[in-house]
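Listed here are the chains, written in short residue letters.
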Amino acid sequence: MKYLWAYSIPVVGILCIFQQGLWSYFLLVFVFILIPILEYILPLDHSNYSDEEKEKRLKNKLFDWLLYLNVLIVYVSLFFTFTIVQTKSLQLYELIGIVLSLGIILGSNGINVAHELGHRKKRYERILGKLLLIPSHYTHFFIEHNHGHHLDVSTPDDPSTAKYNQSLYSFWWQSVSGTYLKAWKIKKKINKIDTISFFSPKNDMFWFTIIQITYLISLYAFFGLKVLFVGISAGIVGFLLLETINYIEHYGLKRKKMPSGRYERVSEKHSWNSNHILGRIILYELTRHSDHHYKSTKEYQILECHEESPQLPFGYPTSMVLSFIPPLWYSIMNKRIPEEMK
């Protein structure tokens, strides 16, 4: 039941949007100030589950339903926010606060949960994951992440791996543009192998594009221009939060190139981890990222801590704040990167 804490972000966010005014900014305070303070106070948790405990947790469907409920939460949050924006007379600063609050919900309970569901084997779970990517204009993430990032992580071929001494803002451009272009290349290659035409129902990138355009047209048709602006802007905030997490997950870590020309296999040393308990819960164990890359189909409730993995000095929310200030980030993180990777 501790994962109910993951709903604290949309609950606080909806309250902020409802209150409007300066309250529309309070979710930023909650996520980037209050949670980091609590993570600093609360003890780290390095413990792993026994085989028997893992088996029980995998059989408990409540862990799955906790994820599925986010689809309803995200789309209710969207409808509620769009209705507020359409019917209320809001000042510019209020609109900005609402965009940021909705964007945080889309990033944490949208894309983050879509990431977990996108790795599942069941078709309906992958569909739910795709639904969660639509409001953040990031449906292509489903293809690139599964068929690109997990193969090329910590190599120059991966746009989602931040280089040593690369700023967050440079990385945003690299990752956002690189991920989109790579998704098209991956799908083109798959289509060629499977002899699928561009307009085939099986060409996901074609249909993802149609779906994204339809989503935006629907916002304009049903809610108007102001809501369209909010929808586009909140989606951008959502995917930039995702890319900020990508930045801290693999910053400066590199896989060695072997004499054969191939890179060494992905191991526990190629992702930054955090055992700060609150971030673990709110992000559905995403912070145990090395184990996720070790076996991507492993469900969040049984992800393990690997002591040999590089450890962040702070939780993910705090690390995200630090990454916004490149000199501070470099001063803290560069000395933690193994010399052979620099």
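Throughout, residues of each chain are indexed from 1 in the direction in which the sequence is written. It should be noted that, the model being predicted, local features are given only for residues of pLDDT at least 70 and side-chain atom pairs only at 80 or more, the latter also being counted only at that level, while totals for whole chains, interfaces and linings use all residues. Heavy atoms from the whole structure form the basis of all side-chain values; hydrogens and water molecules are not counted.

1. Re the overall build of the protein chain
When you go through the protein chain residue by residue, the secondary structure sums to 14 helices and zero strands. The helix count covers DSSP runs of H or I at least four residues long, the strand count covers runs of E at least two residues long, and both are numbered beginning at the N terminus. Starting at the N terminus and walking to the C terminus, you meet the elements of the protein chain as α-α-α-α-α-α-α-α-α-α-α-α-α-α. Both definitions apply: the radius of gyration is a C-alpha atom measure, and the globule rule equals 2.2 Å times residues to the power 0.38. Against the compact-globule benchmark of 20 Å for 342 residues, the protein chain has a radius of gyration of 20 Å, which places it among compact chains. The principal-axis extent of the C-alpha atoms belonging to the protein chain is close to 60 × 55 × 45 Å. By residue count, 57% of the 342 residues in the protein chain fall in the buried class. Only carbon and sulfur atoms are counted for the fraction: they give 67% of the accessible area of the protein chain, which is about 16200 Å². Distance between charge centroids for the protein chain: 6 Å, based on 36 positive and 28 negative side chains. Summary of the burial criterion: residues with accessible area below 20% of their type's maximum are buried, those above 50% are exposed, and those between are partly exposed, where the area comes from a 1.4 Å probe applied to protein chains only. For every accessible area listed, the method is Shrake-Rupley and the probe measures 1.4 Å; residues are considered covered only by the protein chains on display. Only four residue types enter the tally: Lys and Arg on the positive side, Asp and Glu on the negative side; His and the chain ends are excluded. Note that the charge is assigned to NZ on lysines, CZ on arginines, CG on aspartates and CD on glutamates.

2. Concerning the nonpolar core
Nonpolar side chains in soluble globular proteins generally cluster together in the buried interior. Residues Ile9, Leu27, Phe82, Tyr247, Tyr251, Tyr284 and Trp329 are the most contacted members of the largest nonpolar core, which totals 86 residues. Contact criterion: two residues are considered in contact whenever any of their non-hydrogen atoms come within 4.5 Å of each other. With residues near it in sequence (within four places) discarded, tyrosine 247 still touches Ala162, Gln166, Ser167, Leu168, Phe171, Ser323, Trp329 and Tyr330. As used in this record, nonpolar core signifies buried Ala, Val, Leu, Ile, Met, Phe, Trp, Tyr and Cys residues forming a set joined through side-chain atoms within 4.5 Å.

3. As for the environment of arginine 336
With respect to the element layout, arginine 336 can be found in the segment after helix 14 (326-333). On a C-alpha basis, the gap between arginine 336 and glycine 252 in space is 9.6 Å, while along the polypeptide they are 84 residues apart.

4. Topic: the packing of aromatic side chains
Two rings from Phe, Tyr or Trp (for Trp, the six-membered ring) form a pair when their centres sit within 6.5 Å of each other. Planes less than 30 degrees apart are called stacked, planes more than 60 degrees apart edge-to-face, and all others tilted. Under the defined criterion, the tally for this structure stands at 22 aromatic pairs. Seen in terms of ring centroids, tryptophan 65 and tyrosine 68 are 5.1 Å apart; in terms of plane orientation they differ by 75 degrees. Their pairing is edge-to-face. One end of the pair is tryptophan 65 and the other is tyrosine 68, both in helix 4 (residues 62-87) and three residues apart, which spans about a single turn. We classify tryptophan 65 as exposed; its relative accessible area is 57%. What links up through ring pairs into an aromatic cluster is the set Tyr3, Phe63, Tyr284 and Tyr300. Consider the ring centre and the ring normal. A charge sits over the ring if Lys NZ or Arg CZ is within 6 Å of that centre and within 35 degrees of that normal. Between lysine 130 and the ring centre of phenylalanine 142, over which it is positioned, the NZ or CZ distance is 4.6 Å.

5. Section: the pattern of salt bridges
One side-chain nitrogen of Lys or Arg within 4 Å of one carboxyl oxygen of Asp or Glu is enough to make a salt bridge. Inspection of the entire model under this criterion finds 16 salt bridges. Lysine 182 is the salt-bridge partner of aspartate 152, the closest N and O atoms lying 2.6 Å from each other. Placement of aspartate 152 in helix 7 (residues 141-152) and of lysine 182 in helix 8 (residues 168-193) is noted, with a sequence separation of 30 residues between them. We note a salt bridge from glutamate 339 to lysine 342, for which the minimum N-O separation is 3.1 Å. Judged by relative accessible area, which is 60%, glutamate 339 ranks as exposed. A single network of salt bridges, built from pairs that share partners, joins Asp51, Lys54, Asp291, Lys298 and Glu304.

6. Quick notes on the side chain of serine 274
Looking at the element boundaries, serine 274 is found in the loop between helix 10 (225-250) and helix 11 (277-282). By the criterion applied in these results, polar contacts are pairs of N or O atoms within 3.5 Å in which, for protein atoms, one can donate a hydrogen and the other can accept it, and in which residues neighboring in sequence qualify only through two side-chain atoms. At a separation of 2.9 Å, a polar atom in the side chain of serine 274 contacts the side chain of histidine 276. Once residues lying within four places of it in the same chain are set aside, the contact partners of serine 274 are Arg280, Thr287, Gln311, Leu312, Phe314, Gly315 and Tyr316.

7. Topic: the UniProt feature "transmembrane region" (unreviewed entry) in the protein chain
UniProt positions are given in the numbering used here, feature names are shortened, and annotations may be inferred rather than shown by experiment. Per the UniProt record, "transmembrane region" (unreviewed entry) is annotated on residues 22-42, 62-85, 91-114, 205-223 and 229-248. Spanning residues 205-223, this segment combines 100% helix with 0% strand, and its end C-alpha atoms are found 27 Å apart.

8. Quick notes on the UniProt feature "domain: Fatty acid desaturase" (unreviewed entry) in the protein chain
Look at the UniProt record and you will see "domain: Fatty acid desaturase" (unreviewed entry) annotated at residues 98-302. As annotated, residues 98-302 comprises 62% helix and 0% strand, and the C-alpha atoms at either end are separated by 35 Å.

9. Things to note about helix 14
Of all the residues in helix 14, the buried ones are Pro326, Trp329, Tyr330, Ile332 and Met333. Buried positions along helix 14 lie against helix 8, helix 10 and helix 13 (316-323).

10. Focus on the packing of helix 2 (residues 26-41) against helix 5 (residues 92-118)
Each axis is a line fitted through C-alpha atoms, and for a helix only the stretch in contact is used; angles between axes span 0 to 180 degrees, taken between their N-to-C directions. Between helix 2 and helix 5, the shortest axis-to-axis distance is 8 Å and the interhelical angle comes to 45 degrees. Judged by the angle between their axes, helix 2 and helix 5 are oblique. Between helix 2, through Leu27, Leu28, Val31 and Phe32, and helix 5, the contact on the second element is made entirely by Leu100, Ser101, Ile104 and Ile105. Residue polarity follows a fixed list, in which Ala, Val, Leu, Ile, Met, Phe, Trp, Tyr, Cys and Pro are nonpolar, Asp, Glu, Lys and Arg are charged, and the others, Gly among them, are polar. Of the residues in the contact of helix 2 with helix 5, the class split is seven nonpolar, one polar and no charged. Comment on the angle field: the value is read as roughly parallel under 35 degrees, roughly antiparallel over 145, roughly perpendicular from 65 to 115, and oblique elsewhere.

11. Considerations on the environment of asparagine 191
Within the fold, asparagine 191 resides in helix 8. Residues asparagine 191 and threonine 139, spaced 52 residues apart in sequence, show a C-alpha to C-alpha distance of 18 Å. Once residues lying within four places of it in the same chain are set aside, the contact partners of asparagine 191 are Ile196 and Asn203.

12. Some words on the environment of glycine 261
With respect to the helices, strands and loops of the structure, glycine 261 is situated in the loop between helix 10 and helix 11. Since its relative accessible area comes to 36%, glycine 261 is described here as partly exposed. Along the sequence, glycine 261 and glutamate 55 sit 206 residues apart, while their C-alpha atoms lie 39 Å from each other.

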